[in-house]
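Topology and contacts: notes
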Amino acid sequence: MKRNVKTLLSFTAAKEALLIEFLMEKMHGISRNRAKALISNRVVLVNNVITTHPLTALKPGDVVQLDRSKHKMSFHSKELDIVFEDPYLLVIDKQPGVLSMSNNTRQITAQQVLNRYLEKGGGRSTSHVVHRLDRDTSGLMLYAKDIQTQQSLINGWQELVSDRRYIALVEGEFEKPQGCVRSWLTEDKRFVTHSSRVDNGGKYAVTHYNVVTSSCGYSLVECVLETGRKNQIRVHMADIGHPVVGDRKYGSGKDPVKRLCLHAFVLNFVHPVTGKRLNFETPVPACFEKCLNGK
């Protein structure tokens, strides 16, 4: 949709800053909540791209615009938030319990939500899955708006993605602050993944982990995948005796916050079309921190 320049309020960043703080300064000291609302309501553009992440890092020369038009397209969904959108792709923050794409059930999927949104926009784009998250895992996901962009991302995934990290709340406290789990993973007819420390013909999987903090019998762990296998983090954490909290499939079933405590919180990659480096990070879910505080 072409935007009328008369409806845009424009500012240029003179130094590095976070988007939400930049808006608070430029909009005559508006509150943090008001600045966050402007961003989440999709009226803020950075370099002509709608940006919905308040912690977007601005560089000198970046142009920040506010769209004052009353005819903008809004997006509201309990299943996901759109963190970034341009003509080629979408970055979303998926809620737990939402499928990435259809599996022939009647459950709502992130892909369906995005397709409805794109259809309302009047364009011809549809969403195409680039990578998946387990239904019960929340966090950052990437969808393409056309097959060509999707294939560019899938085929160049290893070269384009520079950082992809998960945060997990796991049971127990660690003796060592970091480590690595290596095993071969196979899936049985019940769709349960089994781990073997010796090559059994399965898929080789490597998970690196770093303990962020531990308290009250739980640990917050940052995980980096060297490989991307189904249920990899869940299986590997269970392997070392620290299952993910809320994991009824591979863990103890202990579920104090009524969800699987696994969240994809960092996704950094090079845009396959523009060549621009894009960095996204979401906060640790508040319920993870409540467990660490004994609440």
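The structure contained in this document is the topic of the report that follows. What you see is a predicted model, and the numbers here were worked out from it, not measured in a lab.

Here we take up the packing of aromatic side chains. Aromatic ring pairs are reported here in terms of the distance separating the ring centres and the angle at which the planes meet. Applying the stated criterion across every chain yields a total of 5 aromatic pairs. These aromatic residues form a ring-pair network of at least three members: F84, F269 and F280.

Moving on, we get to the state of the cysteines. Per the counting criterion, the structure on display carries 0 disulfides. In this structure C216 is not part of a disulfide, and its nearest cysteine sulfur, from C291, lies 8.9 Å away. Judged by its relative accessible area of 46%, C216 falls in the partly exposed class. C261 supplies the cysteine sulfur nearest to C291, a cysteine that is in no disulfide, at a spacing of 5.9 Å.

The next point concerns the side chain of T56. By the secondary structure assignment, T56 is in the loop between β4 (49-50) and β5 (57-58). Given a relative accessible area of 19%, T56 falls into the buried group. From its side chain, T56 meets the backbone oxygen of H53 in a polar contact 2.8 Å long. In contact with T56, other than residues within four places in its own chain, are A17, L18, L19 and T51.

With that out of the way, let us pick up the pattern of salt bridges. Scanning the entire structure with this criterion turns up 10 salt bridges. Here R135 makes a salt bridge to D136, at a shortest N to O gap of 3.6 Å. Its relative accessible area of 37% is what places R135 among the partly exposed residues. Classification of D136 as partly exposed rests on a relative accessible area of 29%. Linking R165 and E222 is a salt bridge whose minimum nitrogen-to-oxygen distance equals 3.3 Å. Linking R165 in strand β11 (residues 161-171) with E222 in strand β15 (residues 218-225), this pair joins segments that are 57 residues apart in sequence. The exposure class assigned to R165 is partly exposed, which follows from its relative accessible area of 22%.

Another point: helix α6 (residues 232-239). In an α-helix there are 3.6 residues to a turn, and that puts residues three or four apart on one side. With 6 of 8 residues buried, α6 is to be regarded as a mostly interior element. Tucked into the core, α6 has its buried residues touching β11, β12 (178-187), β13 (193-196), β14 (203-215), β15 and β16 (262-270). Immediately downstream of α6, the backbone of G241 shows phi near 80°, a positive value.

Here the focus is the environment of L140. Considering the arrangement of structural elements, one finds L140 in strand β10 (residues 138-144). Spatially, the C-alpha atom of L140 lies 6.2 Å from that of F265, the residues being 125 residues apart in sequence.

Criteria and cut-off values
- Residues numbered from 1 in each chain as written.
- Predicted model: local features only at pLDDT ≥ 70, side-chain atom pairs only at ≥ 80, totals over all residues.
- Heavy atoms only, no water.
- Phe/Tyr/Trp six-rings, centres within 6.5 Å; stacked < 30°, edge-to-face > 60°.
- Disulfide = S-S within 2.5 Å.
- Buried < 20%, exposed > 50% of the residue type's maximum accessible area, 1.4 Å probe, protein only.
- Helix = DSSP H or I, 4+ residues; strand = E, 2+ residues; numbered from the N terminus.
- Polar contact = N/O pair within 3.5 Å; in protein donor to acceptor, adjacent residues only side chain to side chain.
- Contact = heavy atoms within 4.5 Å.
- Salt bridge = Lys/Arg side-chain N within 4 Å of Asp/Glu carboxyl O.

So yeah, pure geometry; function would need other evidence.
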